[in-house]
Each structure stands twice: as C-alpha cells, then as structure tokens.
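Descriptive structure summary
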Amino acid sequence: IAGITQAPTSQILAAGRRMTLRCTQDMRHNAMYWYRQDLGLGLRLIHYSNTAGTTGKGEVPDGYSVSRANTDDFPLTLASAVPSQTSVYFCASSPASGGAGEQFFGPGTRLTVL
Amino acid sequence: GENVEQHPSTLSVQEGDSAVIKCTYSDSASNYFPWYKQELGKGPQLIIDIRSNVGEKKDQRIAVTLNKTAKHFSLHITETQPEDSAVYFCAASGSGGYQKVTFGIGTKLQVIP
C-alpha cells in the first residue's frame, strides 16, 4: 500500500441497506477525514478524526458514522442508506491534527443509492 | 462558520494563455489557504498553499496571491498546457486545535490545444 486507499471503487446500493466504506493509510498520519463531493457543492466534510480513538462531526454528519480504532483505518458507515447519499466519497489524511496543512486524498468511492 | 466562494465555475483558455481563479472567504481568523487540483477520476491533490503572513507565493507556472484586508485569494496559472485541464478547488482554514477546512465549489479549467 502506498498512500491512502479506499474500497470499494464504486457501489450501487438499495435504499435502506447498511454500507461501510473503507479507508486505509500507510503514512502514519494523525488526522483523517471523510468528504462527499457533489456537483455544484464542492467538497463537504462529513466526519473527521484528529487521532486514533477520537472522532468529530463535520458539516454534513447526519446519516453517517465513523470509528478510528487505530491510526491506519477510518471506515465510514451508512446505517440505512437513502438516495440523497448518492455521491462520490473521498477519504483524506494529514500529518497534523489541525486543519491547516496538506491533506492527502484517496481515489474516491462512487456510491449510488437507489 | 467559514464561507468560501469561488469563481468562475468553468474557465476555458487557449494553450499558452494565463488562467486566473478567484476565491473569497468570510472568516477573518482563517490563515491557511490551499489550492487543490483534481484530475478526472482521481482525488484532489495539493498544488500550492499560502499562509496569511505572506502575500504571494510562486511555484514554477503557478502562483497564489492573498489579500487579507479584502479577504480574497487567487490562483494564477501562466503558459497553460493541456495537462492543466482539471477541476481546481480553493480552501480556507484557521489554526489552533482542529480547524475545519472549507472548500470552494471548484473551477473546471479547460485548456484548448
């Protein structure tokens, strides 16, 4: 693994189903983030984690949950998917715990909820 | 909270011409302003950033300027090339503890050969 990876690459999901998007980084970065990207809205922060064991809510957290059991992994879970959660999801990490530094993004997961 | 406005949303230039993308922010406490480039099918990647203690920063064909008084910052790309075609995002964040990074909506730049 080099950098930050996400899985799956894409997924079509029936409404009401549970889904976990996976994110793994091998850079030993403290902070990790989940964004969703929608046309005309840019990147919006869903949840973040400053360090292993801690998480926080971003701009659009409703319907999503995260966990940070260790430094490398930061999964995003949709407990009961709805069509409005159709989006491209990006995981990112940064060396610093604060927001004021470079973020390294994964390749994204394209999720379609029908 | 912070609000970042970015324009234009789309920009087409001839190869070799310059491209300028402008952003404004609302929170005077913001002091870090990165620019990300997103190529088709990929995640955004940092291309340049500027902190509030400087007014301009250059890296080869790319430059960013910051006007703290007016709360706006701009990305300048000179001698554009087809590989510069991408979506560009500006962003703003503060410092101290965790400060959320707020992104603009993005500018789709097309460089016409």
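Higher on the page you've got the structure.
The following paragraphs examine the structure supplied in this document. Computed from a predicted model, the values in this text were never measured in an experiment.

1. Some words on the overall build of chain A
Each helix and strand counted, chain A has 0 helices and 11 strands in total. Reading the helices (α) and strands (β) of chain A from amino to carboxyl end gives β-β-β-β-β-β-β-β-β-β-β. Against the compact-globule benchmark of 13 Å for 114 residues, chain A has a radius of gyration of 13 Å, which places it among compact chains. Relative to its 114 residues, chain A shows a buried fraction of 50%. For chain A, contacts bridging at least 24 residues in sequence account for 55% of all contacts bridging at least 6. Counting only carbon and sulfur atoms, one obtains 52% of the accessible surface of chain A, whose full area is about 5,000 Å². On chain A, the mean spot of the 9 positive side-chain charges and the mean spot of the 7 negative ones are 8 Å from each other.

2. Regarding the overall build of chain B
When its secondary structure is counted, chain B shows 0 helices and 11 strands. In sequence order, the secondary structure elements of chain B are arranged as β-β-β-β-β-β-β-β-β-β-β. Compactness check: chain B gives a C-alpha radius of gyration of 14 Å against a globular reference of 13 Å for 113 residues, within 12% of the reference. Projected onto its principal axes, the C-alpha positions of chain B cover 45 × 30 × 20 Å. A buried classification covers 44% of the 113 residues belonging to chain B. By sequence separation, contacts in chain B at least 24 residues apart represent 52% of the contacts at least 6 residues apart. Total accessible area on chain B is roughly 5,600 Å²; 46% of this is exposed by carbon and sulfur atoms. Distance from the positive charge centre (11 side chains) to the negative charge centre (12 side chains) of chain B: 5 Å.

3. Here we look at the sheet that holds strand β7 (residues 64-66) of chain A
All names here are of chain A. Spatially, 4 strands are ordered β1-β3-β8-β7 in an open sheet, and the strand pairing comes out antiparallel. Looking at the sheet topology across the chains shown, the edges are occupied by β1 (4-7) and β7. Taking the axes of each pair of neighbouring strands and ignoring which way they run, one obtains an average angle of 20° across the sheet.

4. A short note on the side chain of Q103 of chain A
Considering the arrangement of structural elements, one finds Q103 of chain A in the loop between β9 (87-94) and β10 (104-105). Of the residues examined, Q103 of chain A reaches a relative accessible area of 1% and is grouped as buried. In terms of polar contacts, Q103 of chain A uses its side chain to reach the side chain of Y35 of chain A, at 2.8 Å. Leaving out residues up to four positions away in the same chain, Q103 of chain A has contacts with Y33, Y35, A92, S93 and S94 of chain A together with Y36 and V101 of chain B.

5. Here we look at the interface of chain A and chain B
Interface size is commonly expressed as the accessible surface area that is lost when the partners come together. Contacts between the two partners involve 22 residues from chain A and, on the opposite side, 20 residues from chain B. Note on chain A versus chain B: buried area summed over both sides is about 1,600 Å², and carbon and sulfur give 61% of it. Taken together, chain A and chain B are joined by 2 residue pairs in polar contact (both at pLDDT 80 or more). For the side of chain A that touches chain B, the elements supplying multiple residues, two or more each, are β4 (31-38) and β5 (42-49) of chain A. Take the side of chain A that touches chain B: its biggest share by element is 4 residues, from β5 of chain A. Broken down by class, the residue content of the side of chain A that touches chain B amounts to 10 nonpolar, 10 polar and 2 charged.

6. Section: the packing of aromatic side chains
This structure, assessed with the given rule, holds 13 aromatic pairs over all chains. Geometrically, the ring pair formed by Y33 of chain A and Y35 of chain A is tilted, given 6.3 Å between the ring centres and 35° between the ring planes. Residue Y33 of chain A is classed as buried on the basis of its relative accessible area, which comes to 0%. Here Y25 of chain B and F33 of chain B contribute two aromatic rings whose centre-to-centre distance is 4.7 Å and whose plane-to-plane angle is 45°, an arrangement assigned as tilted. Classification of F33 of chain B as buried rests on a relative accessible area of 0%.

7. What to know about the nonpolar core
Judged by nonpolar contacts, the single largest core of 23 residues is most densely connected at W35, F73, L75 and L109 of chain B. Broken down by secondary-structure element, the contributors of at least two residues to this core are β2 (10-14), β3 (19-25), β4 (32-38), β5 (45-51), β7 (62-67), β8 (72-77), β9 (86-92) and β11 (107-112) of chain B. Of all hydrophobic cores here, the second largest spans 18 residues; its members include L13, V66, F74 and L78 of chain A.

8. Focus on the pairing of β8 of chain B
All names here are of chain B. Alignment of β3 against β8, held across 6 bridges, turns out to be antiparallel. The partner of V20 across the bridge, within β8, is H76. Two strands pair when backbone bridges link them, and β7 and β8 are joined in this way by 6 bridges, in the antiparallel orientation. Within the sheet, the bridge partner assigned to V64 lies in β8 and is L75.

About the criteria used
Residues numbered from 1 in each chain as written. Chains lettered and ligands numbered in written order. Predicted model: local features only at pLDDT ≥ 70, side-chain atom pairs only at ≥ 80, totals over all residues. Heavy atoms only, no water. Helix = DSSP H or I, 4+ residues; strand = E, 2+ residues; numbered from the N terminus. Rg over C-alpha atoms; globule rule 2.2 N^0.38 Å. Buried < 20%, exposed > 50% of the residue type's maximum accessible area, 1.4 Å probe, protein only. Contact = heavy atoms within 4.5 Å. Areas by Shrake-Rupley, 256 points an atom, 1.4 Å probe, with all protein chains shown as cover. Lys, Arg positive; Asp, Glu negative; His and termini not counted. Charge placed at Lys NZ, Arg CZ, Asp CG, Glu CD. Pairing = 2+ DSSP bridges. Axes fitted to C-alpha atoms, helices over the stretch in contact; angles between N-to-C directions. Polar contact = N/O pair within 3.5 Å; in protein donor to acceptor, adjacent residues only side chain to side chain. Buried area = accessible area lost by both parts, 1.4 Å probe. Nonpolar A, V, L, I, M, F, W, Y, C, P; charged D, E, K, R; others polar. Phe/Tyr/Trp six-rings, centres within 6.5 Å; stacked < 30°, edge-to-face > 60°. Core = buried A, V, L, I, M, F, W, Y, C linked by side-chain atoms within 4.5 Å.

Nothing here speaks to function; it is geometry throughout.
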